[in-house]
Number of protein chains: 2
Amino acid sequence: MTTMTSTSGDTHSVAERRLRQADQRYTPGRRAIISLLLSAGHPVSIEDIASQLPDLPRSSAYRHLTDLESAGLVRRVAAGDEFTRFELAEDLTGHHHHLVCLNCGKVTDVILPSGFEQQAARAIARLADEAGFQAHSHRLDVLGLCAACR
Amino acid sequence: MTTMTSTSGDTHSVAERRLRQADQRYTPGRRAIISLLLSAGHPVSIEDIASQLPDLPRSSAYRHLTDLESAGLVRRVAAGDEFTRFELAEDLTGHHHHLVCLNCGKVTDVILPSGFEQQAARAIARLADEAGFQAHSHRLDVLGLCAACR
DNA sequence: CTACTTGCAAATGCTTTGCAGGAGA
DNA sequence: TCTCCTGCAAAGCATTTGCAAGTAG
């Protein structure tokens, strides 16, 4: 896979580095999960992971995801339809949002125009400020039906 | 700005009507939950419900919430920090978003400028269209620290 | 050697459900 | 009287954790 966003090649080294900072190792199991998230390009569920990595016990998958999350490499995504999903941390993938299918649960990554993001950031900053709220990030999900389910 | 969208007084009759459409009754337990959601003004957890309605068994609370959701009166909210919360359906409260505290889980309702919402709707519509996705609604949550936790 | 990993099985904890008695229409 | 509602206890399930063996450094 040569035509990737250039960060893909570095992701593994970033992963190793961040894990080391937490005195943890970048083992095959963890690497397999990062690779899977990398190639998926959208949030995946435990089911997805279990079916694509049959030899990785679920308990290990859960543990790895927790560890990777602590290391700032993975982020939990609440699809809304109670199926916890996981994706690479935003600083590894870039800021994006999700199209969530209410029927099949499929989640697709999308990027909004930067002009929109800027206005959103402004509106959010002002609102948060008024509420004494310290905003860290935001998530914008579009709910509806995917091409296959509509 | 009196944030009473005038629907508050009618909410109970709307609830009764919608439940009847599903051959269900607007019983005291269900009414208590609707009242609680109405007065809370923000998403509440099962814990909140249990503590404020001590005589309502959790199993009944869960069942009621499921029924109310089916009747289009209540919506499940994924706060992100795995504590399912519930709020009144958007057509009863008006479109709004959430400030989610990453520390204590508190969720506050906020309303964004209509100009922003319009631009958001446009950006979303175009994107969804390109993806063959049929957008129904969107949710925008701001994650950070509330005034008490910052 | 010492510390981090992992699998398996057991334990959790939230949520759902089977049933039988109650209550509204 | 028929159907829906409720409580309690039991069941389900996704997720977490204790433990002991495995392995990287």
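Residues numbered from 1 in each chain as written. Chains lettered and ligands numbered in written order. Predicted model: local features only at pLDDT ≥ 70, side-chain atom pairs only at ≥ 80, totals over all residues. Heavy atoms only, no water.

## Comments concerning the side chain of H12 of chain A
Here's step 1: Looking at the element boundaries, H12 of chain A is found in helix α1 (residues 7-21).
Here's step 2: According to the relative accessible area criterion, H12 of chain A is buried, its value standing at 18%. (Helix = DSSP H or I, 4+ residues; strand = E, 2+ residues; numbered from the N terminus. Buried < 20%, exposed > 50% of the residue type's maximum accessible area, 1.4 Å probe, protein only.)

## Digging into the pattern of salt bridges
Here's step 1: Using the criterion set out here, one finds 16 salt bridges over all chains in the structure.
Here's step 2: The partner of E47 of chain A in a salt bridge is R58 of chain A, and the shortest N-O contact between them spans 2.8 Å. Residue E47 of chain A is found in helix α3 (residues 46-52), and its partner R58 of chain A is found in helix α4 (residues 58-70); the two are separated by eleven residues along the sequence.
Here's step 3: Classification of E47 of chain A by relative accessible area gives partly exposed; the value is 46%.
Here's step 4: In this structure, D67 of chain B and R30 of chain B form a salt bridge, with 3.0 Å as the shortest nitrogen-oxygen distance. In this pair, D67 of chain B sits in helix α4 (residues 58-70) while R30 of chain B sits in helix α2 (residues 28-40), placing the two residues 37 residues apart along the sequence.
Here's step 5: The class for R30 of chain B is buried, based on a relative accessible area of 11%.
Here's step 6: The structure contains a network of salt bridges with shared partners spanning R75, E87 and E90 of chain A. (Salt bridge = Lys/Arg side-chain N within 4 Å of Asp/Glu carboxyl O.)

## Looking at the protein's contact with DNA strand D
Here's step 1: In the vicinity of DNA strand D, 17 residues are found, and the nearest of them are Y62 of chain A together with T27, R30, S60 and H64 of chain B.
Here's step 2: The sugar and phosphate moieties of DNA strand D supply 68% of its atoms located within 4 Å of the protein.
Here's step 3: Here R30 of chain B contributes a side-chain N or O atom positioned 2.3 Å from a phosphate oxygen of DNA strand D.
Here's step 4: H64 of chain B is positioned such that a nitrogen or oxygen atom in its side chain is 2.4 Å from a phosphate oxygen of DNA strand D.
Here's step 5: Counting only elements with at least two residues in the surface near DNA strand D, the list comes to α4 of chain A together with α2 and α4 of chain B.
Here's step 6: The leading source of residues in the surface near DNA strand D is α4 of chain B, at four residues.
Here's step 7: When the residues that make up the surface near DNA strand D are grouped by side-chain class, the tally is three nonpolar, eight polar and six charged. (Near = heavy atom within 4 Å. Polar contact = N/O pair within 3.5 Å; in protein donor to acceptor, adjacent residues only side chain to side chain. Nonpolar A, V, L, I, M, F, W, Y, C, P; charged D, E, K, R; others polar.)

## Some details on the packing of α2 of chain B against α4 of chain B
Residues and elements named next belong to chain B.
Here's step 1: Where α2 contacts α4, the axes come no closer than 10 Å and their chain directions differ by 75°. Between α2 and α4, the angle is such that the two are roughly perpendicular. Residues G29, R30, I33 and I34 of α2 pack against A61, H64, L65, D67 and L68 of α4.
Here's step 2: By residue class, the composition of the contact of α2 with α4 is five nonpolar, two polar and two charged. (Axes fitted to C-alpha atoms, helices over the stretch in contact; angles between N-to-C directions. Parallel < 35°, antiparallel > 145°, perpendicular 65-115°, else oblique. Contact = heavy atoms within 4.5 Å.)

## Focus: the side chain of D67 of chain B
Here's step 1: Under the relative-accessibility criterion, D67 of chain B is labelled buried at 16%.
Here's step 2: Other than its neighbours up to four places away in sequence, D67 of chain B contacts Q24 and R30 of chain B.

## A word on the sheet that holds strand β1 (residues 44-45) of chain B
All names here are of chain B.
Here's step 1: Across the sheet, which stays open at both edges, the three strands sit in the order β1-β3-β2 with antiparallel pairing between neighbours. Two strands lie at the open edges of the sheet, namely β1 and β2 (74-77), each paired on one side alone.
Here's step 2: Two strands pair when backbone bridges link them, and β1 and strand β3 (residues 85-88) are joined in this way by two bridges, in the antiparallel orientation. From the neighbouring strand, S45 faces β3, where its bridge partner is R85.
Here's step 3: Against the sheet, α2 contacts β1, β2 and β3, and its axis sits at roughly 85° relative to β3.
Here's step 4: Relative to the sheet, α4 contacts β2 and β3, its axis offset from that of β2 by approximately 115°. (Pairing = 2+ DSSP bridges.)

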